[in-house]
Amino acid sequence: MALSTGDLLTLAGALLYGVNLVITGFLTKKFDAPTLTYLELLFGGILFLICALIFDPLPTAADFTPSTLGSMIYLTLISTLMAQNFQNIAFSRVPAAQGSLILCSESLFGMLVSVLVLHEELTATHLLGFAIIFAAIILSEVRLHPRRLSKGSSAAGSSR
C-alpha cells in the first residue's frame, strides 16, 4: 500500500499543525496574544501572497465584485483575525497541553456543525474519524496508573 501525494500532503499538514501548536503554546506565554495574532496573520498573508503569485493566475478587475469583496472582508476580519485572536488569548491562559487538546477537537466541531447546519451526509468514514480523534483526546487526558502486582511486592505504584 503506497502513500499518494494527497496522503503525504495530509501528513505534512498534520506535522505543521503540531509544530504550530507547540510554537503558539510557547509564544503566547511570552508575548501579548493580540500582537502575536497580528504577526501570525501578517507573515501568513505574505507567504500566501507569494504562493498565489507563483501558482495562480492574476485576478482581473471583474473578479472583485461587491459579493467577493464582502466575503473576503468577512473571512479576513471575523473568521480569521477575530477567531485567531480569541484562540491565542485563550491559549495563553491554559497549559499548552490542554490548549493543544482543545484545538485538536476543532475538526470534531466542524463535522458536527456541517451535519447540523448544512445537513451534510454523515458517512461511516466520518464516524470512524470522529471516534479516532475523540478517543485520542480522551486517552491523552486520562492518566493511566501502573497496576500493583500484590500487596507484598514493591511495584512502582506501591508506597513504602
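Keep in mind that what you see is a predicted model, and the values were worked out from it rather than measured. (Residues numbered from 1 in each chain as written. Predicted model: local features only at pLDDT ≥ 70, side-chain atom pairs only at ≥ 80, totals over all residues. Heavy atoms only, no water.)

Checked against the element boundaries, Gln84 lands in helix 3 (residues 66–91). Side chain to side chain, Gln84 and Glu40 meet in a polar contact 2.8 Å long. Setting aside residues up to four positions removed in sequence, Gln84 forms contacts with Thr37 and Glu40. (Helix = DSSP H or I, 4+ residues; strand = E, 2+ residues; numbered from the N terminus. Polar contact = N/O pair within 3.5 Å; in protein donor to acceptor, adjacent residues only side chain to side chain. Contact = heavy atoms within 4.5 Å.)

What follows deals with the packing of aromatic side chains. For the structure on display, the rule yields one aromatic pair. Ring centres of Phe130 and Phe134 lie 6.0 Å apart, and the angle between their planes is 15 degrees; this geometry places the pair in the stacked category. With Phe130 and Phe134 both in helix 6 (residues 124–141), this residue pair falls four residues apart, about one helical turn. Classification of Phe130 as partly exposed rests on a relative accessible area of 31%. (Phe/Tyr/Trp six-rings, centres within 6.5 Å; stacked < 30°, edge-to-face > 60°. Buried < 20%, exposed > 50% of the residue type's maximum accessible area, 1.4 Å probe, protein only.)

In this section: unusual backbone geometry. The backbone of His119 shows a phi angle near 55 degrees, a positive value even though the residue is not glycine. Positionally, His119 belongs in the loop between helix 5 (106–116) and helix 6.

This part takes up a nonpolar patch on the surface. Residues Phe64, Leu69, Met72, Ile73, Tyr74, Leu75, Leu77, Ile78, Met82 and Phe86 make up a contiguous nonpolar surface patch of about 950 Å² in total accessible area. Along the chain, Ile78 falls in helix 3. Taking relative accessible area as the criterion, Ile78 reaches 35% and is therefore assigned partly exposed. (Patch = residues over 30% accessible without salt bridge, like charges linked within 9 Å, V, L, I, M, F, W, Y side chains within 5 Å. Areas by Shrake-Rupley, 256 points an atom, 1.4 Å probe, with all protein chains shown as cover. Salt bridge = Lys/Arg side-chain N within 4 Å of Asp/Glu carboxyl O.)

The values reported here are purely geometric and, on their own, carry no functional implication.
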